[in-house]
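Topology and contacts: notes
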Amino acid sequence: MTFRFANVAGRSALVDSAGRWFDASRVSDGVISVDPMAAWLQVEVLHRVSGTIDNTESDGNLSDADVRPPIPSPRSVFAVGLNYQSHADESKMKLPNAPLIFTKFPSCLTGPNDPVILGGSTDDYEAELVVVIGRGGRDIRPKDAWGYVGGLTVGQDISDRTLQFAAEPAHFDLGKSRDTYGPIGPVIVSTDSFQDAGDLLLTCEINGERRQEDRTSNLIFDVPTLISYLSGILTLSPGDLIFTGTPEGVGAASLRFLSDGDVITTTIEGIGTLKNPCRIPQEAHR
Ligand code: ZN
């Protein structure tokens, strides 16, 4: 049975195809943990219980709920640079010989409708498919890799370009890890929900204007390759996130960066939409 998993006000939730949410602990008689991180260790149970929610009363519509990052505190958040040919071209960079991996620190994660707090005058958007590891492991072969994926979600790899390139060689990590620079959600969709989990339409709009549009089948290093590569170096854990890279159309290519009041709308077919307003920091937080 397929599932859609969410974090509503800090509690694990299952979501049906109509967008109604169900408290996961309630509908499982306490079997599924209230805590989203602990519930994510129960992926098999999520599959099973998801098949029983159709005829039960929901807790409301997800669109009206306090939706938070479905994985709020993963052990690791990996991201991949230059993983679409079109984006490598617009960045005028050579294609990497191996996956160009950097980290987004988990503290940057934020909810699907939360504000992005701008770091300066060169904040940029990057719409990305995010892989959520379901079963951990080492030395995973590409042909087995999808079996380690618990589900897929939508992500924004927000980037402060000035900070990203402040040092030489560039250090991507900090420039992409300011607080609120990692919106994810609104749900994690189990991979068995898709006809082809490796070919999904990804779009990004700024104030309703389409800036990015591509299919995840155009990834240079695809999901199995990334999982195999990473797990050959380190142990992947349940809940680890992999931001798989962004296609062409980022603000840096046209020098149109994010400003106060802009709304970033990021959608992946079959998963859902992030809608993040941009804000400048409050004086008190500086
Ligand atoms: Zn990125």
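Note that the structure is a prediction, hence the values are computed from the model and not measured.

**So, the overall build of the protein chain**
- Per the secondary structure count, the protein chain includes eight helices and 19 strands.
- A globule of 286 residues ought to have a C-alpha radius of gyration of about 19 Å, and the protein chain, at 18 Å, matches this closely.
- At a minimum sequence separation of 6, the contacts of the protein chain that also span at least 24 residues come to 75%.
- As displayed, the protein chain offers around 12,300 Å² of accessible surface, 49% of which is attributable to carbon and sulfur atoms.

**Some details on the sheet that holds strand 18 (residues 263–268)**
- Spatially, 9-19-18-15-16 is the arrangement adopted by the five strands of the open sheet, whose pairing is mixed. Looking at which strands have only one partner, the edges of the open sheet turn out to be strand 9 (116–117) and strand 16 (209–215).
- Pairing of strand 15 (residues 201–206) with strand 18, which is carried by five bridges, proceeds in the antiparallel orientation. Opposite Thr203, over in strand 18, you have Thr267 as the bridge partner.

**Comments concerning the pattern of salt bridges**
- Under the definition given, this model contains 19 salt bridges.
- Lys176 is paired through a salt bridge with Asp157; the nearest N and O atoms lie 2.8 Å apart. Taken together, the positions of Lys176 in the loop between helix 6 (172–175) and strand 14 (182–189) and Asp157 in the loop between strand 12 (149–156) and strand 13 (159–160) put the pair 19 residues apart, joining distant regions of the chain. Pair check on accessibility: Lys176 and Asp157 agree, each one buried.
- The partner of Arg210 in a salt bridge is Glu205, and the shortest N-O contact between them spans 3.0 Å.
- The network of salt bridges with shared partners includes Lys104, Asp124, Glu126, Asp157, Arg161 and Lys176.

**Structural notes on the environment of Gln195**
- Mapped onto the secondary structure, Gln195 falls in the loop between strand 14 and strand 15.
- For Gln195, a relative accessible area of 89% corresponds to the exposed category.
- Gln195 sits 45 residues away from Asp240 along the chain, and the two C-alpha atoms are 24 Å apart.

**As for the domain arrangement of the protein chain**
- Taken domain by domain, the protein chain consists of domain 1 (4–68) and domain 2 (77–285).
- Put simply, the middle of domain 1 and the middle of domain 2, counted by C-alpha atoms, are 25 Å apart.
- Taken together, the contacts link 11 residues of domain 1 with 17 residues of domain 2.
- When domain 1 packs against domain 2, the two sides together hide about 1,000 Å² of surface, and 63% of this comes from carbon and sulfur.
- It is Arg4, Trp40 and Val67 that lose the most area in domain 1 upon contact with domain 2, and together they represent 54% of the buried surface on that side.
- Inspection of the region where domain 1 meets domain 2 yields zero salt bridges.

**Details of the packing of aromatic side chains**
- Following the criterion strictly, the structure yields four aromatic pairs and no others.
- A centroid spacing of 6.0 Å and a plane angle of 75° characterise the contact between Phe3 and Trp40, whose relative ring orientation is edge-to-face. With a gap of 37 residues between them, Phe3 in the segment before strand 1 (4–8) and Trp40 in the loop between helix 2 (36–39) and helix 3 (43–50) connect regions that are remote in the sequence.
- By relative accessible area, Phe3 is classed as buried at 1%.
- Aromatic side chains Phe165 and Phe172 sit 6.0 Å apart centroid to centroid with 75° between the ring planes, which places their arrangement in the edge-to-face category.

**Re helix 3**
- Here helix 3 lies mainly inside the structure; six of its eight residues are buried.
- If you follow the buried residues of helix 3, they end up packed against strand 1, strand 2 (11–15), helix 1 (24–27) and helix 2.

**Considerations on the environment of Pro186**
- Mapped onto the elements of the fold, Pro186 is located in strand 14.
- Excluding residues that lie within four positions of it along the chain, Pro186 makes contacts with Phe5, Ala6, Leu62, Val67, Pro112, Thr153, Gly272, Thr273 and Leu274.

**Concerning unusual backbone geometry**
- For the bond from Glu168 to Pro169, the omega torsion is -5°, close enough to zero to count as cis.
- Of note, Pro169 is situated in the loop between helix 5 (161–164) and helix 6.
- The step from Gly185 to Pro186 runs through a cis peptide bond, and the omega angle for that step is -10°.
- Here Asp139, not a glycine, exhibits a phi torsion of approximately 50°, which is positive.
- Relative to the elements of secondary structure, Asp139 occurs in the loop between strand 11 (127–133) and strand 12.

Definitions and limits used
- Residues numbered from 1 in each chain as written.
- Predicted model: local features only at pLDDT ≥ 70, side-chain atom pairs only at ≥ 80, totals over all residues.
- Heavy atoms only, no water.
- Helix = DSSP H or I, 4+ residues; strand = E, 2+ residues; numbered from the N terminus.
- Rg over C-alpha atoms; globule rule 2.2 N^0.38 Å.
- Contact = heavy atoms within 4.5 Å.
- Areas by Shrake-Rupley, 256 points an atom, 1.4 Å probe, with all protein chains shown as cover.
- Pairing = 2+ DSSP bridges.
- Salt bridge = Lys/Arg side-chain N within 4 Å of Asp/Glu carboxyl O.
- Buried < 20%, exposed > 50% of the residue type's maximum accessible area, 1.4 Å probe, protein only.
- Domains from an automatic or database assignment.
- Buried area = accessible area lost by both parts, 1.4 Å probe.
- Phe/Tyr/Trp six-rings, centres within 6.5 Å; stacked < 30°, edge-to-face > 60°.

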